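Residue-level structure breakdown
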Amino acid sequence: TEASSLPQKDCSSITPPYPKLLKNLATVRRVIGDRPLTLAEKILYSHIHEPERTLANGIKRGETYLQLKPERVAMQDASAQMALLQFMSAGMSRCAVPASIHCDHLIQAAEGAEKDLERSIVTNQEVFDFLESAARKYGIEFWKPGSGIIHQIVLENYAAPGMLMLGTDSHTPNAGGLGMLAIGVGGADAVDALTGTPWELKAPRIIGVHLTGQLNGWATPKDLILHLAGKLTVRGGTGSILEYFGPGVFNQSCTGLATVANMGAEVGATTSTFPYTPGMRAYLQATGRAPVAAAADKAARSGFLSPDEHAEYDEIIQINLSELEPTINGPFTPDLATPLSKFGSFVKENGWKDELSAALIGSCTNSSYEDMTSVADLARQAKQAGLKTKVPFLCTPGSEQIRATIERDQITKELEDIGATVLANACGPCIGQWKREDKKGEENAILTSFNRNFKSRNDGNRLTMNFLASPTVVTAMAFSGKLSFNPMTDSITTPSGESFRFTPPRGKDLPEAGFTAGETRYYPTPTPEPQPETEVVIRPDSQRLERLEPFPSHFGEGSGNPRGLELPPLKVLMRVRGKCTTDHISAAGPWLKYKGHLTNISENLLITAVNDEGGDVNVAFDHDHSPSESETDTIPAVAKRFKARNQPWALIVDENYGEGSAREHAALQPRFYGCAMIVARSFARIHETNLKKQGVLPLWFVDKADYGRIGSGDVVETLGLADLLEGRNTSDRAIRLRVTPRNGGEAFEVPVRHTMSADQLKWLRAGSALNYIRAQIAA
Ligand code: F3S
């Protein structure tokens, strides 16, 4: 498998700077006191910015904020829009680190690869033009529509052992299959890396997953992560890195490990990683990166790419791969794991129809050469028995390289022979880009080899139950058409009346004839030079893209704030009741098309949030309304009125405000309408940081009962913020609030707590992190 038909890549920009990383790690060890480190710690800590200055108090996992310098940024076409709009307003002429853009999310599956691609390019032309022109201007590698899915391309081209990368997509950790740390973030975090600003992360806990034994029969790496998701649940990995170790890691393929790392996102893990293995070396060589493999070999000899002996994990999970059974997870949540042997009775117990309506394989999770050859093995067996799939069988190749290689090796033909439709190299049905004509509004069950299965995710139908399984289990079940079918034990009757049973599938991890690049017209120029004269294409009348105006600072000249370094008097817009996720704050679905247009997308602000005063959804009170205005209106409408009146405002919110995702629009939108402060019973951490980045002050009630004492129309003023900003009082209780009730009642004070670091206070003072970065760059 060492032979490669791909040309050797220029590896200078993709080989991690191992000597520099090792030197930095040695400094960190000296500063924090030498102790055995896990692999994840080694990679993370070797990327700490100025450790001597920033680690004065050592490192405590789960507590210390680390200032990190990632080596690369990858962005997909949906999230890249806001990331680039923010980067553009930072005022830099080029990116501080290599970066790439991948056109994959905006391609809709309907009729098959070619037509779908053509149609989606027309529908999204202005977004693709914008992304391409921005890429040209700033020297970013632009992977055109048709090139493939971000995570597969990153694995094939950029990932390398020991590297730290940020990606604007939650499945960025896929690249952990190559023994690195790849972390999914929002656009504002990507801008940190793109501008060379240290990126802040609270030192994660490290969960060790000790693997023994060997996968066999029908069990695949997908089953390992499906099983683990069942154990850990969707929250079990929060604030943690999953670090796999033990003998069971070393006999797995690199792409298999990538599948496992990919779905670490499903348990909420920051990312996942593995020690350097022979499989990783072989994969690097087969994908034209022998020099990276050679450098990694050397780094591994110094111990950099594996944990130290006696390294301590916060928790250890033991898994014996030899005992692992294929697993099916779902419906509607990726942590509901059922072993294949029990799945039939699970379906029966729930009273679901024993009927499969479609089978889908591929996506960024499972479209490796190994996956495709294993599936082709089943296809061959079935064809010989005279069988065809009983339900629509869709296959999404992860990249042009995979598509072209499986076509050359006759795998595509074998799949088509048994009834498969091969879709474009893009996300397609995995992200709901599936024009499904059957089963509308009907309860039905699909099986996929994807990673997520929330309601409506694939076909927009809330009644479609999506079960996640390995590509081989999905394929085998497509021939039976029944959910209760267990390919390990059950037979299918062939057209000639015989009984047929599959033998366990076998795949090849790498192609014997090497990979082939396929259509190189989809590929970018490697390491392009910025072309500063390029004009970034945004049509003045565009409804999908809009340049970002910097948010004004709340303080100082021109702010109109009479209170100096205290926030101006803020009117409370509403008191939000109960669960308020980033989906409640900035809904997805049809609003996704406005991701690059802040004015348009802000029309969805909090539209599914409940107002605690009255209990209604999407209702806010406007106590200062004019005679021509109504007293109540939708939340975005009232927020818009406040903005028009230059009335800065605050929100009072409940527990775990902003849980769910890193969606930065949930912070950008309130800020856009003039929100300056949010006071919560508690915040979800990532969202709290996103608010800080956009210049919104998040505060926590010291006494949670105070939540109910503040209502719409009340005026809230900060006391002590000036002292905090000026460094005269650095306590987390430096700020208090003075509340003047709307109804003329007596003003009272409320104690609050803040979590602002020294850097974050600079963002607040400047109006946003971006304003601060811009000022630094200008200086
Ligand atoms: Fe795309 Fe689905 Fe992966 S949306 S990036 S294929 S998780």
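Residues numbered from 1 in each chain as written. Predicted model: local features only at pLDDT ≥ 70, side-chain atom pairs only at ≥ 80, totals over all residues.

**Here we look at the overall build of the chain**
When helices and strands are tallied, the chain shows 25 helices and 30 strands. The C-alpha atoms of the chain give 27 Å as radius of gyration, which agrees with the globular expectation for 779 residues (28 Å, within 12%). Seen through its principal axes, the chain has C-alpha atoms that stretch 85 × 60 × 50 Å. When the 779 residues of the chain are sorted by exposure, 54% land in the buried category. Residue pairs at least 24 apart in sequence account for 78% of intrachain contacts in the chain once pairs closer than 6 positions are excluded. (Helix = DSSP H or I, 4+ residues; strand = E, 2+ residues; numbered from the N terminus. Rg over C-alpha atoms; globule rule 2.2 N^0.38 Å. Buried ≥ 20, exposed ≤ 12 C-beta atoms within 10 Å, placed from the backbone. Contact = placed C-beta atoms within 7 Å.)

**Focus on helix α10 (residues 254-262)**
The element α10 is largely enclosed, with a buried count of nine among its nine residues. Three or more residues of α10 are buried, namely C254, T255, G256, L257, A258, T259, V260, A261 and N262. On the buried face of α10, the contacting elements are α7 (150-157), α9 (221-232), β10 (271-273), α11 (278-286) and α14 (369-384).

**Overview of the UniProt feature "domain: Aconitase A/isopropylmalate dehydratase small subunit swivel" (unreviewed entry) in the chain**
Within the UniProt annotation, "domain: Aconitase A/isopropylmalate dehydratase small subunit swivel" (unreviewed entry) is assigned to residues 571-701. With 27% helix and 22% strand, residues 571-701 has its two end C-alpha atoms placed 18 Å apart. (UniProt positions renumbered as here; feature names shortened; annotations may be inferred.)

**What about the environment of S626?**
Relative to the elements of secondary structure, S626 occurs in the loop between β23 (620-621) and β24 (632-633). Taking the C-beta count within 10 Å as the criterion, S626 has 8 such neighbours and is therefore assigned exposed. Considering only alpha carbons, one finds S626 and L573, 53 residues apart in sequence, at a separation of 16 Å.

**Considerations on the sheet that holds strand β4 (residues 141-143)**
As summarised here, the arrangement of the five strands in space is β4-β3-β2-β5-β6, forming an open sheet in which the pairing is parallel. Taken across any chain shown, the strands that pair with only one partner, and hence form the sheet edges, are β4 and β6 (181-184). On average, adjacent strands in this sheet sit at an angle of 20° to one another, irrespective of strand direction. Sheet analysis places strand β5 (residues 164-167) next to β6, joined by four bridges and oriented parallel. If you follow G167 over to β6, its bridge partner there is G184. (Pairing = 2+ DSSP bridges. Axes fitted to C-alpha atoms, helices over the stretch in contact; angles between N-to-C directions.)

**Here's the deal with the sheet that holds strand β9 (residues 240-245)**
Spatial ordering of the open sheet is given by β10-β9-β8-β11, a layout of four strands whose pairing is parallel. What marks the edges here is a single partner per strand, and that holds for β10 and β11 (315-320). With direction set aside, neighbouring strand axes in the sheet form an average angle of 20°. Alignment of strand β8 (residues 205-212) against β11, held across six bridges, turns out to be parallel. Within the sheet, the bridge partner assigned to I207 lies in β11 and is E315.

**A look at the pairing of strand β14 (residues 358-362)**
With five of its five residues buried, β14 lies for the most part within the structure. When β14 meets strand β15 (residues 393-396), the two strands line up parallel, connected through four bridges. Pairing of I361 across the sheet is with C395, part of β15. Regarding the hand of the β-α-β motif, the stretch spanning β14, α14 and β15 is right-handed. (Right-handed = clockwise from strand over helix to strand, strands pointing away.)

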